[in-house]
Amino acid sequence: MVGFHVCPVSLILLLAIAAGLGEVYGLGEDLGRPLFEPPGSPMRLQESDPGLLKALKFAEERYNRGSNAMHLRKVSRLVSATRQLVKGLRYTITAELSNTQCKKSTMLRTCDFYPESQKLKTEVCLFEVWDIPWQGTSSLLSQKCQPKVELQQEETNEVTEASTRQPLKESVELLGLFKEFMTKYNKVYSSQEEADRRLQIFKENLKTAEKIQSLDEGSAEYGVTKFSDLTEEEFRLTYLNPLLSQWTLRRPMKPASPARSPAPASWDWRDHGAVSPVKNQGLCGSCWAFSVTGNIEGQWFLKHGKLLSLSEQELVDCDGLDHACRGGLPSNAYEAIEGLGGLEAENDYTYSGHKQKCSFATEKVAAYINSSVELPSDENEMAAWLAENGPVSVALNAFAMQFYKKGVSHPWMILCNPWMIDHAVLLVGYGERNGIPFWAIKNSWGEDYGEEGYYYLYKGSNACGINKMGSSAVIN
């Protein structure tokens, strides 16, 4: 990436800068609150937008710096532009660039285009520019250009497949990968048009996975996953939980008592029988329910010596404090379980992946809780508490999870903002791999995700906000 500082900026420094720029960028004066709202949908921009003009000038300069052409090119036409708040300001720009009469070695203030059309060479370019105003940096995430072709419509009876309109080598390789992906994950699309659209999304996601891979500081491998045919927005709306970043919605919880002993070097509750098999939330943003039931399953095992699989569907249907498949908060879920009187077993109240009428039966309660507590935010104290008391419900920013395959994930903090938490999971242990410390995280996207359903995240830098929302039920 161009123009990006090598060392991640500390959160304290970011907060200090944000305080000074708060009025300009709308960050607010209360530094105890998140710097950002949850990422929004792309917003179409007018040509006069100041941020767009800055991003366009940056892209134009980087284009000319990397070009082998003798003459400078500049934007001759803006086709479209959008901006999205996603770990910064991401501009997606489609523009035409035409050559000017100025050679690169000149320092002229104005450069006119060639008046003769035969000399006016034009390319259509798609730029992705990432601007971080509070850091004063811009980066060119991607640049894809091709010569502008004036299409002439001709009458023909021939039907040309979409793949033949691409360079042959790229098409064959891409289609091969896409076919393997469809076969492995049993993907079926409603029409040829939908299949073509998913192919293009798949292609762009391959590039995104490569970018994440190049910037990861751990040992993780990113690439094709079962989510590779989903846009970022589709993935976020279907599988993630935007309510987790709404800190004002969280109810206060009493703090957990500190662990009696320091954390051992490593610990894994899977080795001690306190973790049920990996489950699958399906096309429902109910990660919060799976995180909480996983915690209670562990707590019940430690108190009664029996590992139960408890019902998430009960929470989806009967928890009136949360929003079923549209998200929820673990703190609310504990309170709802107390009010209901407990949880039924998975076999008695099976998971459907969508909200139904509540059919909770008191006589079928398999486990109950008495209260809940919030864990400290220090990772060493979290580890000590986990080793002593069982698996912990946590939440994190899922920035790197869509294309995660294996290894220890360690995204840059600026990419995986700790305030933008959007996924609840279960912390079951910690340890070290080849000198890299990690948290072992049970996810709820099925066993065909990550490492047999698990995600491994770097431990020791509060990566992706893993330390922000640790909690546990209490069973007396």
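The structure under discussion appears in the preceding block.
Throughout what follows, the structure given in this document is the object of discussion.

Conventions adopted
- Residues numbered from 1 in each chain as written.
- Predicted model: local features only at pLDDT ≥ 70, side-chain atom pairs only at ≥ 80, totals over all residues.
- Heavy atoms only, no water.
- Buried < 20%, exposed > 50% of the residue type's maximum accessible area, 1.4 Å probe, protein only.
- Helix = DSSP H or I, 4+ residues; strand = E, 2+ residues; numbered from the N terminus.
- Contact = heavy atoms within 4.5 Å.
- Disulfide = S-S within 2.5 Å.
- Pairing = 2+ DSSP bridges.
- Axes fitted to C-alpha atoms, helices over the stretch in contact; angles between N-to-C directions.
- 1 Å grid on protein atoms, 1.4 Å probe; cavity = no way out; pocket = protein on both sides within 12 Å on 5 of 7 lines; lining within 4 Å.
- Points joined across faces, edges and corners; volume = space filled by probe spheres on them.
- Nonpolar A, V, L, I, M, F, W, Y, C, P; charged D, E, K, R; others polar.
- Phe/Tyr/Trp six-rings, centres within 6.5 Å; stacked < 30°, edge-to-face > 60°.
- Lys NZ or Arg CZ within 6 Å of the ring centre and 35° of its normal.
- Parallel < 35°, antiparallel > 145°, perpendicular 65-115°, else oblique.
- Left-handed = near helix turned anticlockwise from the far one by under 90°.

Taken residue by residue, helix 5 (residues 232-239) has Glu 233, Phe 235, Arg 236 and Tyr 239 as its buried positions. Tucked into the core, helix 5 has its buried residues touching strand 2 (71-85) and strand 15 (423-433).

The tally for this structure, following the rule as stated, stands at five disulfides. One disulfide in the model links Cys 284 with Cys 325; its S-S distance is 2.0 Å. Between Cys 284 and Cys 325, the disulfide has an S-S torsion of -95° and is therefore left-handed. With a gap of 41 residues between them, Cys 284 in the loop between strand 8 (267-268) and helix 6 (287-304) and Cys 325 in the loop between helix 7 (313-318) and helix 8 (330-340) connect regions that are remote in the sequence.

On to the sheet that holds strand 3 (residues 89-103). On the basis of which strands lie adjacent, the open sheet formed by five strands has the order 1-2-3-4-5 and antiparallel pairing. Looking at the sheet topology across the chains shown, the edges are occupied by strand 1 (43-44) and strand 5 (137-147). Relative to strand 2, helix 2 (residues 50-66) is tilted by about 135°, and along the sheet it contacts strand 2, strand 3, strand 4 (122-132) and strand 5.

A word on empty space enclosed by the protein. Enumeration according to the criterion identifies four cavities of 30 Å³ or more in this entry. One number sums up the size of the largest cavity: a volume of about 100 Å³. Lining the largest cavity are 15 residues, and of these Phe 290, Ser 291, Lys 442, Asn 443 and Ser 444 lie nearest its centre. Every element with two or more residues in the lining of the largest cavity is listed here: helix 6 and strand 15. Counting residues per element, the lining of the largest cavity draws most heavily on helix 6, at six residues. Grouping the constituent residues of the lining of the largest cavity by class yields five nonpolar, six polar and four charged.

Here we take up the environment of Cys 318. As for its placement among the helices and strands, Cys 318 is situated in helix 7. Taking the C-alpha atoms as reference points, Cys 318 and Phe 360, 42 residues apart in sequence, are found 7.3 Å from one another. With residues up to four places along the chain from it excluded, the contact list for Cys 318 reads Leu 340, Tyr 349, Cys 358, Ser 359 and Phe 360.

As a further point, take the packing of aromatic side chains. Enumeration according to the criterion identifies 21 aromatic pairs in this entry. Seen in terms of ring centroids, Phe 290 and Tyr 351 are 5.1 Å apart; in terms of plane orientation they differ by 75°. Their pairing is edge-to-face. Of the two residues, Phe 290 sits in helix 6 while Tyr 351 sits in the loop between strand 9 (343-344) and strand 10 (365-367), which places them 61 residues apart along the sequence. For Tyr 351, a relative accessible area of 23% gives the class partly exposed. Put simply, the rings of Tyr 222, Phe 227, Phe 235, Tyr 239, Tyr 404, Trp 445, Tyr 449 and Tyr 455 touch in pairs and so form one group of aromatic residues. Lying over the aromatic face of Tyr 456, Arg 433 brings its terminal NZ or CZ to 4.2 Å of the ring centre. A cation over an aromatic ring shows up here: Lys 468 above the ring of Trp 419, its NZ or CZ 4.4 Å from the ring centre.

Here helix 6 crosses helix 8 at 60°, and the two axes come no closer than 9 Å. Between helix 6 and helix 8, the interaxial angle falls into the category oblique. By crossing handedness, the relation of helix 6 to helix 8 is classed as right-handed. Each of Trp 288, Val 292, Asn 295 and Ile 296 in helix 6 lies in contact with helix 8, whose residues at this interface are Pro 330, Ala 333, Tyr 334 and Ile 337. A class-by-class count of the residues in the contact of helix 6 with helix 8 yields seven nonpolar, one polar and no charged.

With that out of the way, let us pick up the layout of surface pockets. As a volume, the largest pocket reaches approximately 1,200 Å³. Along the wall of the largest pocket there are 41 residues; nearest its centre are Arg 90, Glu 128, Thr 208, Lys 211 and Glu 232. Taken together, the elements giving at least two residues each to the lining of the largest pocket come down to strand 2, strand 3, strand 4, strand 5, helix 4 (192-215) and helix 5. Of all the elements, helix 4 adds the most residues to the lining of the largest pocket, at 10 residues.

This paragraph deals with the side chain of Ser 371. Mapping Ser 371 onto the fold places it in strand 11 (residues 371-374). Those residues in contact with Ser 371 that lie beyond four places of it in its chain are Lys 254, Glu 338, Ala 473 and Val 474.

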